[in-house]
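# Fold and contact review
Spelled out from the first residue to the last, the chains are:
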Amino acid sequence: GAVVSQHPSWVICKSGTSVKIECRSLDFQATTMFWYRQFPKQSLMLMATSNEGSKATYEQGVEKDKFLINHASLTLSTLTVTSAHPEDSSFYICSAPAPDSNQPQHFGDGTRLSIL
Amino acid sequence: AQSVTQPDIHITVSEGASLELRCNYSYGATPYLFWYVQSPGQGLQLLLKYFSGDTLVQGIKGFEAEFKRSQSSFNLRKPSVHWSDAAEYFCAVAPSGGSYIPTFGRGTSLIVHP
């Protein structure tokens with residue numbers, strides 16, 4: 001069935017490093033993907049909508065220059081956290097609309113980002 | 001804009017006991033409603049969804065939820081909880097039609113005592 005694969009699942013890096021997270025739709029195409037951020041013990045907050053072949057749409061309060069989103073193909077969206085700092089540490093989850101219009105979003109397994 | 005309220009941050013039950021997790025939503029029309037479960041460090045797993053039709057929805061792992069329009073609620077229930085059900089549970093609402101971009105509640109942490 002339709003699956004969303006997210007990589008890496010966990011990354012630890014030094015402050016100032018840029019980190020790229022990949023979100024792939026397996027066995028289906030996704031012209032739109034979504035990126036969420038989840039702080040510990042909190043809900044998922046939509047950060048941005050990734051659009052294939054065009055600019056991403058960011059939610060209010062999300063820094064576009066900090067969180068770069070690229071949707072270069074119909075199966076891949078990437079989120080790059082630029083010059084990451086400890087406050088960027090979080091759990092990031094992507095999702096894609098299911099190919100069946102009667103089904104909800106398919107979610108990736110998330111990426112835990114820890115900035116030292 | 002839609003919103004979701006999960007009034008209980010934590011719920012503690014004994015294994016084998018029944019469970020009800022509360023969810024209230026705010027939306028101008030009949031929304032699409034979802035319950036997801038998240039184990040620590042994991043992604044989201046869809047338990048069940050309501051789009052239309054029968055207001056009592058059956059899901060995976062023995063869960064069910066009932067949509068009550070008059071109360072704007074979509075409470076999740078399970079008759080007998082297992083220790084493996086301990087996790088974070090999220091209720092979500094999405095506008096009917098469109099790409100089903102959900103708005104999530106804050107989540108309810110389920111603790112199961114042996």
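Preceding this paragraph is the structure being described.
Heads up: these notes are all about the structure in this document. (Residues numbered from 1 in each chain as written. Chains lettered and ligands numbered in written order. Predicted model: local features only at pLDDT ≥ 70, side-chain atom pairs only at ≥ 80, totals over all residues. Heavy atoms only, no water.)

This part covers the overall build of chain A. Across its full length, chain A carries zero helices and eleven strands. If you list the helices and strands of chain A from N to C, you get β-β-β-β-β-β-β-β-β-β-β. The C-alpha atoms of chain A give a radius of gyration of 13 Å, which matches the 13 Å a tight globule of 116 residues would have. Projected onto its principal axes, the C-alpha positions of chain A cover 40 × 30 × 25 Å. Per-residue burial over chain A gives 49% buried out of 116 residues. Within chain A, residue pairs in contact and separated by at least 24 positions form 53% of the contacts whose partners lie at least 6 positions apart. Charged side chains of chain A number 9 positive and 10 negative; the gap between the two group centres comes to 7 Å. (Helix = DSSP H or I, 4+ residues; strand = E, 2+ residues; numbered from the N terminus. Rg over C-alpha atoms; globule rule 2.2 N^0.38 Å. Buried < 20%, exposed > 50% of the residue type's maximum accessible area, 1.4 Å probe, protein only. Contact = heavy atoms within 4.5 Å. Lys, Arg positive; Asp, Glu negative; His and termini not counted. Charge placed at Lys NZ, Arg CZ, Asp CG, Glu CD.)

Residues and elements named next belong to chain B. Core analysis: the largest hydrophobic core is formed by 26 residues, its most contacted members being Trp35, Leu48, Phe74, Leu76 and Tyr89. Contributing elements (two or more residues each) for this core: β2 (10–14), β3 (19–21), β5 (32–38), β6 (45–50), β8 (64–68), β9 (73–78), β10 (87–94) and β12 (108–113). Element by element, the count of residues in this core is highest for β10, at four residues. With residues up to four places along the chain from it excluded, the contact list for Leu76 reads Leu19, Glu20, Leu21, Trp35, Leu47, Leu48, Phe63, Glu64, Ala65 and Tyr89. (Core = buried A, V, L, I, M, F, W, Y, C linked by side-chain atoms within 4.5 Å.)

To continue, consider the sheet that holds strand β8 (residues 76–81) of chain A. Residues and elements named next belong to chain A. With respect to topology, four strands assemble into an open sheet ordered β1-β3-β8-β7, the strand pairing being antiparallel. The sheet is open, and its two borders are formed by β1 (3–7) and β7 (67–73), each paired with just one other strand. Going from strand to strand, the sheet's axes swing by 15° on average, the running direction of each strand aside. (Pairing = 2+ DSSP bridges. Axes fitted to C-alpha atoms, helices over the stretch in contact; angles between N-to-C directions.)

Looking now at the pattern of salt bridges. Where charged atoms from two side chains of opposite charge approach closely, those side chains can pair. All names here are of chain B. Going through the model one piece at a time under the given rule, you end up with six salt bridges over all chains. Between Asp8 and Arg22 there is a salt bridge; the shortest N-O distance is 2.9 Å. Taken together, the residues span a long stretch of sequence, with Asp8 in the loop between β1 (3–5) and β2 and Arg22 in the loop between β3 and β4 (24–26) at a distance of 14 residues. We classify Arg22 as partly exposed; its relative accessible area is 38%. Linking Asp85 and Lys78 is a salt bridge whose minimum nitrogen-to-oxygen distance equals 2.8 Å. Both residues of the pair, Asp85 and Lys78, count as buried. Within the structure, one salt-bridge network assembled from shared partners comprises Glu64, Glu66 and Arg77. (Salt bridge = Lys/Arg side-chain N within 4 Å of Asp/Glu carboxyl O.)

Our next topic: the state of the cysteines. Applying the stated criterion across every chain, the model contains two disulfides over all chains. Each disulfide pairs two cysteine sulfurs, and for Cys23 of chain A the partner residue is Cys94 of chain A, the sulfurs being separated by 2.0 Å. Looking along the S-S bond of the Cys23 of chain A-Cys94 of chain A disulfide, the torsion reads about 85°, which is the right-handed sense. Residue Cys23 of chain A is located in strand β3 (residues 19–26), and its partner Cys94 of chain A is located in strand β9 (residues 90–96); the two are separated by 71 residues in the primary sequence. Residue Cys23 of chain B pairs covalently with Cys91 of chain B via a disulfide, S to S 1.9 Å. (Disulfide = S-S within 2.5 Å.)

Here the residue pair His7 of chain A and Pro8 of chain A is connected by a cis peptide bond, since its omega of 0° sits within 30 degrees of zero. Mapped onto the elements, Pro8 of chain A comes out in the loop between β1 and β2 (10–13). Positive phi, normally seen in glycine, also occurs at Lys41 of chain A, with a value near 60°. By secondary structure assignment, the location of Lys41 of chain A is in the loop between β4 (32–38) and β5 (44–51). Overall, the relative accessible area of 74% leaves Lys41 of chain A in the exposed class. In this model, Lys61 of chain B sits at a positive phi of 60°, which is unusual for a non-glycine residue. Tracing the chain through its elements places Lys61 of chain B in the loop between β7 (56–58) and β8. Residue class for Lys61 of chain B comes out partly exposed when judged on its relative accessible area of 46%.

Contact with chain B, which involves 18 residues of that partner, is made by 18 residues of chain A. For the pair chain B and chain A, the summed buried area comes to about 1,500 Å², and 60% of that belongs to carbon and sulfur atoms. Inspection of the region where chain B meets chain A yields zero salt bridges. Of all the elements in the fold, those that place two or more residues in the side of chain B that touches chain A are β5 and β6 of chain B. Of the residues forming the side of chain B that touches chain A, the biggest block, three residues, is contributed by β5 of chain B. Across the side of chain B that touches chain A, the residue classes tally to ten nonpolar, six polar and two charged. (Buried area = accessible area lost by both parts, 1.4 Å probe. Nonpolar A, V, L, I, M, F, W, Y, C, P; charged D, E, K, R; others polar.)

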